[in-house]
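A look at the structure
Listed below, chain by chain, are the residues.
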Amino acid sequence: MTDRPAPSDYERHEYDVIVIGAGGAGMRAAVEAIQRGCRTALVCKSLLGKAHTVMAEGGVAAALGNVWPQDNWQVHFRDTMRGGKMLNNWRMAQLHAQESPDRVLELEEWGALFDRTPDGRILQRDFGGHRYARLAHVGDRTGLELIRTTQQRAVSLGVDVYMECKVLRLLQGPSGAVNGAVGIYRETGGVVVFSAKSVVLATGGIGKTWKFTSNSWESTGDGHALALWAGADAIDMECVQFHPTGMVWPPSARGILVTEGVRGDGGVLKNSDGERFMFNYISPYFAAETASSIEEADKWYEDKVNYRRPPELLPRDEVARAINTEVKSGRGSPHGGIFLDIASRRSAEDIKRRLPSMYHQFKQLADVDITAVPMEIGPTCHYMMGGVRVDADTAQTTVAGLFAAGEVAGGMHGANRLGGNSLSDLLVFGRRAGMAAADRALGEPVDTTVDEAQVEAVVSHAFSYLERESGEQPYELHRDLQDTMQSLVGIIRTESELLEAKERLVELGERSKKVAAAGGVRFNPGWHMSLDLESMLAVANCTTLSAIERRESRGGHTRDDFPKADPEFEKVNFVSRYVDGSYRVTAEDKPVMPPELMMLFEESEGDAKEASK
Amino acid sequence: MSVVQGATRPAPIPVEIGGVRGGPPRSVILRKDRWWLQPLVTGLGLLAFVVYGVWTAFRGDFYFAHHYLSPFYSPCFVSSCPPAETWGPAGSIGTVSPALLVLIFPMGFRVTCYYYRKTYYRSFWASPPACAVADVGSTTPGGARSRYSGETRFPLVLQNLHRYFWYAAFIFAGILTYDAVEAFRFGNGWGMGLGSLIFVVNAVLIWSYTLGCHACRHLCGGGLRKFSKAPARYAIWRKVVTPLNAHHQLFAWLSLIWIAWTDFYVYLVATGTIHDPRFF
Amino acid sequence: MAIDTASSTSGSPASTETASTGQELRIRLWRGDEHGGDFVEYRLQAQEGEVVLDVVHRIQADQAPDLAVRWNCKAGKCGSCSAEINGRPRLMCMTRMSTLPTDEPITISPMRTFPVMRDLVTDVSFNFEVAKLIPSFTPGPKPPEGYRMQQVDVERGQEFRKCIECFLCQNVCHVIRDHEDNKVHYAGPRFFVRLAELEMHPLDTLDRRAYVRERMGVGYCNITKCCTEVCPEDIHITDNAIIPLKERIVDSRYDPVAWLGRKILGRPSPMSAEQVAAHTGAAAAGQGRAAGSDRDGAGPG
């Protein structure tokens with residue numbers, strides 16, 4: 001095809017730091033790098049400010065102690081680890097809990113306008129799994145606030161932004177250190193080659209690998225794949241979070257997120273018999289801190305000291321599983337979900353004030369008035385807890401010169417993420433990644449010579465999809481991949497299904513080599529889909545293989561054939577690698593938490609006993 | 001305090017002019033609703049008022065009856081005014097229609113009003129006639145209307161004087177309130193006729209329009225950076241002016257129609273066409 | 001008054017027949033690029049509960065795999081899928097098919113104010129250039145106990161920060177839609193919202209009034225309110241952002257009483273446009289911070 005550009009047509013740029021992905025983590029990393037004096041570029045697949053972070057609604061978790069002075073980093077740390085079923089990297093969870101208050105206050109210095117307490121401090125709200133009201137928020141559009149604040153900060157500092165640019169592969173120097181990246185502009189099909197001393201991955205999630213997801217088209221696991229292909233490790237890829245409350249109707253809106261804030265503000269889950277079924281699903285692990293009767297649960301909204309929290313606010317994995325069971329037992333709603341009812345519990349005025357975008361979303365997308373009737377909701381693929389293995393303090397991956405932060409990095413959230421911990425994760429580790437990337441860029445000289453052979457290989461591979469006369473249709477392949485993952489590697493998994501998925505993925509992998517994208521190089525979505533499919537297949541493989549290995553149920557990973565958590569599996573992470581053209585998974589020991597932090601959990605059991613008296 | 005643009009042109013926004021636009025040519029209107037209805041109806045409404053106003057202003061007669069003084073003629077400065085309503089040095093100005101002396105203020109207020117500006121820019125200037133419908137004349141390259149300077153140049157830069165007309169309008173609202181009180185005077189005593197009520201409604205509508213003005217909203221508190229430092233001004237801004245401002249369009253029309261109706265009622269009574277019903 | 005709101009954004013006359021499940025839809029999609037293009041008609045069956053973006057996606061998946069369209073969240077939160085549906089600027093993901101009349105084909109065309117790239121995708125870089133020219137948030141010194149703000153003081157700004165940057169207001173604004181040459185000195189409604197937010201921010205210390213008048217061109221706005229009509233976030237752009245900015249400029253520029261007051265009370269004069277221009281991203285980039293835009297031979301070649 002004549003459209004293929006020659007090497008002399010490639011756009012070339014040299015930077016100290018390039019950040020791939022412009023969600024909260026990428027933006028925060030770029031801000032940090034440029035503040036430290038680095039020439040910094042931000043590369044993103046969409047327009048600036050459209051990243052999936054805007055979808056985060058509830059808030060950013062930080063133990064500011066503005067509403068509950070008892071709150072502190074230790075409590076937040078404990079909640080995070082317990083929510084993650086202790087699979088978290090303890091050091092990441094600790095840094096996250098310690099630093100998130102400063103990161104939130106810093107946003108305020110950059111112009112963010114959080115909701116306020118009467119004395120003028122940042123107001124915090126309740127969320128599932130958090131012991132105290134801890135989420136700094138702006139109504140139900142906190143993610144938008146975070147992205148706009150960091151975006152405006154990045155722009156005001158003069159970060160260069162390369163929009164609608166899909167990064168195809170990372171470039172590596174002779175030592176194996178990452179020293180650049182090759183991308184194509186989605187708009188023009190033009191090739192762009194970056195050379196950089198440090199590269200930060202902040203590409204977010206993987207949701208588009210599943211059929212029902214809250215994620216946008218961008219969440220195809222690009223960063224996971226780029227890192228794996230560059231030889232980095234990924235961990236915990238079996239731990240995928242299915243958010244309990246996604247829309248189920250209309251079909252086109254299926255999967256779109258309904259914020260946990262609905263439950264935090266009084267919404268309850270009911271089955272088709274009108275029963276508040278969550279009381280039947282309180283696991284012993286959380287029994288001490290969860291209300292056992294409707295009366296007690298309802299009093300909690302008014303008096304959080306003397307009453308225990310309603311079971312609707314259990315961590316997401318617990319709620320998602322409960323909903324799944326109810327639906328499978330035939331007590332679901334007409335469209336295969338269950339009911340989330342806030343209409344009968346709060347006044348119309350209250351609902352509109354506290355949850356304006358939810359009201360808007362249901363009204364516009366489903367023509368449902370949530371102040372009058374219950375919502376129909378069901379689990380939706382929401383978040384990848386696993387991801388690229390990083391050093392907790394520097395966010396450096398196992399490959400030199402490559403850093404990762406945000407959803408693409410693994411370890412912080414263990415087997416299950418608490419609501420609100422994602423936005424704080426972006427800020428804390430976005431900054432740390434930017435910091436370490438800047439340190440590397442400004443430190444010892446780094447060889448940033450681009451290996452043209454690598455570039456050529458990448459470019460010719462990418463354009464081969466356009467040059468193929470006929471072959472597999474990318475959309476069809478995507479649909480088949482999504483069906484496979486949804487039906488065989490979904491919320492509840494069993495060995496036989498996982499093995500079937502593994503086989504089907506081999507087949508899909510073969511088919512993906514024959515994909516042909518019709519059309520030209522300019523803004524050709526079929527071509528983009530072909531390229532994204534490579535990343536999605538990488539994620540699908542790692543998730544499936546890890547899920548086969550983890551023969552227990554823990555957090556977001558539930559095995560029907562191993563329904564209980566196994567203490568032996570708590571000690572290991574499953575590590576995914578890309579070796580000789582295929583994905584491999586091995587078990588490796590998890591970092592061990594130091595005794596002084598372990599003590600927090602002994603105390604917590606004491607507290608729990610105290611509370612249950 | 002010059003009102004013309006500064007002599008030095010600032011650095012422009014770096015943008016390439018002349019890119020090809022998607023979709024059919026701009027002269028093609030893709031809207032399928034009756035987008036022309038609103039500018040047409042509002043334009044006709046304004047035109048009707050102007051015609052009525054001119055007729056009234058040049059009429060110079062039949063503008064008072066009992067103690068009812070037409071709002072077009074208030075305050076009344078000239079010798080032909082009824083004694084009770086004469087505000088100024090009676091007889092010193094002559095016999096020109098008194099409306100012409102006072103109308104400049106309320107008219108100036110309405111002409112520079114942000115709502116009316118929207119209306120006449122759409123209906124009369126057709127700039128734009130409706131949303132996503134091209135400015136009339138803008139699709140002809142190099143035509144007389146191919147360039148647009150908005151309110152940056154004389155005379156439209158004078159729209160920035162809206163605030164001064166608001167000061168005047170505030171005083172006029174007070175005068176019309178006085179007139180409404182006067183409308184309850186009959187002979188040497190007090191009473192109430194249908195006209196009295198019409199005058200009260202007129203005053204209420206005028207206040208609703210005047211206090212809902214965007215300039216008023218700015219002056220009373222909107223211009224503050226921190227509401228919390230000025231609770232009284234914030235209360236006025238939030239509880240009085242902002243709710244009225246939200247219905248500024250409604251009050252702009254109601255007060256406009258009612259002021260004409262009030263004048264016409266006075267005319268009917270003054271000419272003896274109808275008899276003002278007295279309640280007591 | 002009723003006559004004025006009858007034809008606002010809510011759309012089509014209620015009496016017309018609207019899309020229902022199973023019915024055949026006729027969609028006229030604009031296909032083309034900078035070399036020109038035309039409407040292409042696609043026919044497909046209506047499905048339950050669809051929005052316009054779903055229909056576009058189905059056309060893309062089954063009939064036109066290379067159809068270019070921007071989208072992200074599909075829930076009205078990211079502002080990517082802006083287009084003109086039956087001539088009205090709207091988000092495709094938030095326009096339910098059941099609200100559109102089906103007695104004639106539904107037209108979907110790209111935003112007109114920005115140069116077309118391909119099909120429904122336009123080059124919106126103008127907006128990102130203006131963003132670099134916004135004098136940034138500049139708070140005063142931080143008190144030892146940290147900043148405090150009252151809810152009443154942040155609420156106005158919060159309304160503006162709902163903006164999802166869909167650029168529909170920029171698209172519908174006739175100042176640049178119908179008079180493209182104004183783009184060099186007119187920032188557009190989205191950025192007046194941003195500037196108003198900064199001017200009302202309780203912690204900010206800059207005075208952008210001269211800048212807004214001279215560099216951002218707020219005087220070009222003739223408050224015909226189309227930006228407010230198309231805003232999917234229901235931000236009262238004209239009443240709460242643009243007019244307050246205009247009034248603030250009257251304070252600093254056109255009001256001799258205010259000028260006299262400042263002189264007598266010894267209040268500071270308004271800041272000049274040059275003074276605040278130093279606080280923009282463009283100025284930061286100009287300081288040589290990010291010289292990445294030099295395209296000559298950065299690579300080994």
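Read on for an overview of the structure. Keep in mind the model is a prediction, meaning the values are calculated, not measured.

Observations concerning the sheet that holds strand β10 (residues 234-235) of chain A
All names here are of chain A. Taking strand neighbours across the sheet as the criterion, the 4 strands line up as β15-β10-β19-β20 in an open arrangement whose pairing is antiparallel. Either end of the sheet is taken by a strand with one partner, and the two such strands are β15 (387-388) and β20 (582-589). Note: β10 against β15, 2 bridges, orientation antiparallel. By the bridge assignment, A234 is partnered in β15 with V388. Across the sheet, helix α16 (residues 525-549) is in contact with β19 (572-579) and β20; its angle to β20 comes to roughly 45°.

Focus on the pattern of salt bridges
Residue and element names in this part refer to chain A. In total, this model carries 95 salt bridges over all chains according to the counting rule given. As a salt-bridge pair, R134 and D71 come within 2.9 Å of each other at their nearest N and O atoms. Pair noted here: R134 is in the loop between β4 (124-125) and β5 (135-136) and D71 is in the loop between β3 (60-61) and α2 (73-83), with a separation of 63 residues, a long-range link. Residue R134 shares its accessibility class with D71, and that shared class is buried. For K304, the salt bridge goes to D126, with nearest N and O atoms at 2.6 Å.

Structural notes on the interface of chain C and chain B
Across the contact, 82 residues belong to chain C and 77 residues belong to chain B. Buried area between chain C and chain B, summed over both chains or domains, comes out near 7,200 Å², and the portion from carbon and sulfur atoms is 53%. On inspection of chain C and its partner chain B, the count reaches 11 salt bridges. The salt bridge involving D251(C) is made with R163(B); its shortest N-O contact spans 2.6 Å. Here the side of chain C that touches chain B gets 11 residues from one element, more than from any other, and that element is helix α10 (residues 237-254) of chain C. A per-class count over the side of chain C that touches chain B returns 36 nonpolar, 18 polar and 28 charged.

Re the arrangement of the chains
For the 2 pairs of chains in contact, the largest share of contacts goes to chains B and C. A gap remains between chain A and chain B, with no contact made and the closest C-alpha atoms lying 10 Å from each other.

Side note on the environment of P567(A)
Relative to the elements of secondary structure, P567(A) occurs in helix α17 (residues 567-570). Spatially, the C-alpha atom of P567(A) lies 20 Å from that of V585(A), the residues being 18 residues apart in sequence.

Structural notes on the side chain of R110(B)
Residues and elements named next belong to chain B. One can find R110 in helix α3 (residues 104-111). Here Y116 takes part through its side chain, which lies 2.9 Å from a polar atom of the side chain of R110. Among the polar contacts made by the side chain of R110, one reaches the main-chain carbonyl oxygen of A252 at a distance of 3.2 Å. If sequence neighbours within four positions are ignored, R110 has contacts with Y116, I206, Y209, A252, S255 and L256.

With respect to the interface of chain C and chain A
Interfaces are frequently sized by the accessible area removed from exposure as the parts join. Contacts between the two partners involve 69 residues from chain C and, on the opposite side, 76 residues from chain A. A combined buried area of about 6,200 Å² lies between chain C and chain A, and 53% of that area is made up of carbon and sulfur atoms. Of the charged contacts, one joins E145(A) and R161(C) as a salt bridge, the two residues approaching to 2.6 Å between their closest N and O atoms. Here chain C is connected to chain A by 43 residue pairs in polar contact (both at pLDDT 80 or more). For the side of chain C that touches chain A, the secondary-structure elements that each account for two or more residues are α2 (52-62), β6 (116-118), α3 (125-131), α4 (151-160), α7 (189-200) and α13 (281-286) of chain C. Considering each element in turn, the side of chain C that touches chain A owes the most residues, 4 residues, to α4(C). Grouping the constituent residues of the side of chain C that touches chain A by class yields 32 nonpolar, 16 polar and 21 charged.

Brief notes about the environment of A180(B)
All names here are of chain B. Within the secondary structure layout, A180 lies in helix α5 (residues 162-182). As for A180 and G222, which are separated by 42 residues in sequence, their C-alpha atoms are 31 Å apart. In contact with A180, not counting residues within four places along its chain, are F199, V200 and A203.

Thoughts on the pairing of strand β3 (residues 82-85) of chain C
All names here are of chain C. Along β3, one buried face is formed by S82 and E84 and the opposite face, lined by A83 and I85, is buried too. Judged from the 4 bridges that link them, β3 and strand β4 (residues 88-91) form a sheet pairing that is antiparallel. When the bridges of β4 are listed, A83 appears paired with R90. Of the pairings in the sheet, the one linking β3 to strand β5 (residues 106-109) comprises 2 bridges and is antiparallel in character.

Quick notes on the sheet that holds strand β11 (residues 240-247) of chain A
Residues and elements named next belong to chain A. In spatial order, the strands read β11-β14-β13-β12; together these 4 strands make up an open sheet with antiparallel pairing. Each having just a single partner strand, β11 and β12 (268-270) make up the two edges of the open sheet. Going across the sheet, the axis of each strand differs from the next one's by a mean of 45°, ignoring polarity. Strand direction decides the pairing type here: strand β13 (residues 338-341) and strand β14 (residues 375-384), joined by 3 bridges, are antiparallel.

Details of the nonpolar core
Formed by 266 residues in total, the largest nonpolar core has its most connected members in I27(C), M92(C), I108(C) and F192(C). Among all residues touching I108(C), those that are not within four sequence positions of it are I27(C), R28(C), L29(C), W30(C), F39(C), V52(C), V56(C), A83(C), E84(C), M92(C) and L120(C). Among the nonpolar cores identified, the runner-up in size contains 43 residues, and A230(B), V241(B), W253(B) and A260(B) belong to it.

A word on the environment of G173(A)
Residue and element names in this part refer to chain A. Mapped onto the elements of the fold, G173 is located in the loop between β7 (165-172) and β8 (178-185). The class for G173 is buried, based on a relative accessible area of 15%. Residues G173 and V446, spaced 273 residues apart in sequence, show a C-alpha to C-alpha distance of 9.4 Å.

Observations regarding the state of the cysteines
Going through the model one piece at a time under the given rule, you end up with 1 disulfide over all chains. Sulfur-sulfur distance for the disulfide between C131(B) and C226(C) comes to 2.1 Å. A torsion of -90° about the S-S bond marks the disulfide between C131(B) and C226(C) as left-handed. Of the two residues, C131(B) sits in the loop between α4 (114-123) and α5 while C226(C) sits in helix α9 (residues 226-230), which places them in two different chains. Its relative accessible area of 6% is what places C226(C) among the buried residues. In this model C239(A) remains outside any disulfide bridge; the closest cysteine sulfur is found in C381(A), 13 Å from its own. Since its relative accessible area comes to 0%, C239(A) is described here as buried.

Some points on the packing of aromatic side chains
Under the definition given, this model contains 41 aromatic pairs over all chains. Relative to Y267(B), the ring of W55(B) lies with its centre 5.1 Å away and its plane at 75°, an arrangement referred to as edge-to-face. Here W55(B) is found in helix α1 (residues 37-59), whereas its partner Y267(B) is found in helix α9 (residues 248-270), with 212 residues between them in sequence. For W55(B), a relative accessible area of 37% translates into the label partly exposed. Members of the aromatic cluster, each reached through a chain of ring pairs, are F49(B), Y52(B), W55(B), F62(B), F72(B), F264(B) and Y267(B). Here R39(A) stacks its cationic end above the ring of Y15(A), 5.7 Å away from the centre of that ring. Between the NZ or CZ atom of R417(A) and the centre of the ring of Y383(A), over which it lies, the distance is 4.0 Å.

So, the pairing of β7(A)
Residue and element names in this part refer to chain A. Of all 8 residues in β7, 6 are buried, a share of seventy percent or more. Where β7 lies against β8, 7 bridges are found, and the strand directions are antiparallel. Considered in β8, the bridge of R169 is made with V182. Turn length for the β7-β8 hairpin, with the two strands adjacent in sequence and antiparallel, is 5 residues, and the turn residue G176 shows positive phi of about 95°.

Scoring rules and cut-offs
Residues numbered from 1 in each chain as written. Chains lettered and ligands numbered in written order. Predicted model: local features only at pLDDT ≥ 70, side-chain atom pairs only at ≥ 80, totals over all residues. Heavy atoms only, no water. Pairing = 2+ DSSP bridges. Helix = DSSP H or I, 4+ residues; strand = E, 2+ residues; numbered from the N terminus. Contact = heavy atoms within 4.5 Å. Axes fitted to C-alpha atoms, helices over the stretch in contact; angles between N-to-C directions. Salt bridge = Lys/Arg side-chain N within 4 Å of Asp/Glu carboxyl O. Buried < 20%, exposed > 50% of the residue type's maximum accessible area, 1.4 Å probe, protein only. Buried area = accessible area lost by both parts, 1.4 Å probe. Nonpolar A, V, L, I, M, F, W, Y, C, P; charged D, E, K, R; others polar. Polar contact = N/O pair within 3.5 Å; in protein donor to acceptor, adjacent residues only side chain to side chain. Core = buried A, V, L, I, M, F, W, Y, C linked by side-chain atoms within 4.5 Å. Disulfide = S-S within 2.5 Å. Phe/Tyr/Trp six-rings, centres within 6.5 Å; stacked < 30°, edge-to-face > 60°. Lys NZ or Arg CZ within 6 Å of the ring centre and 35° of its normal.

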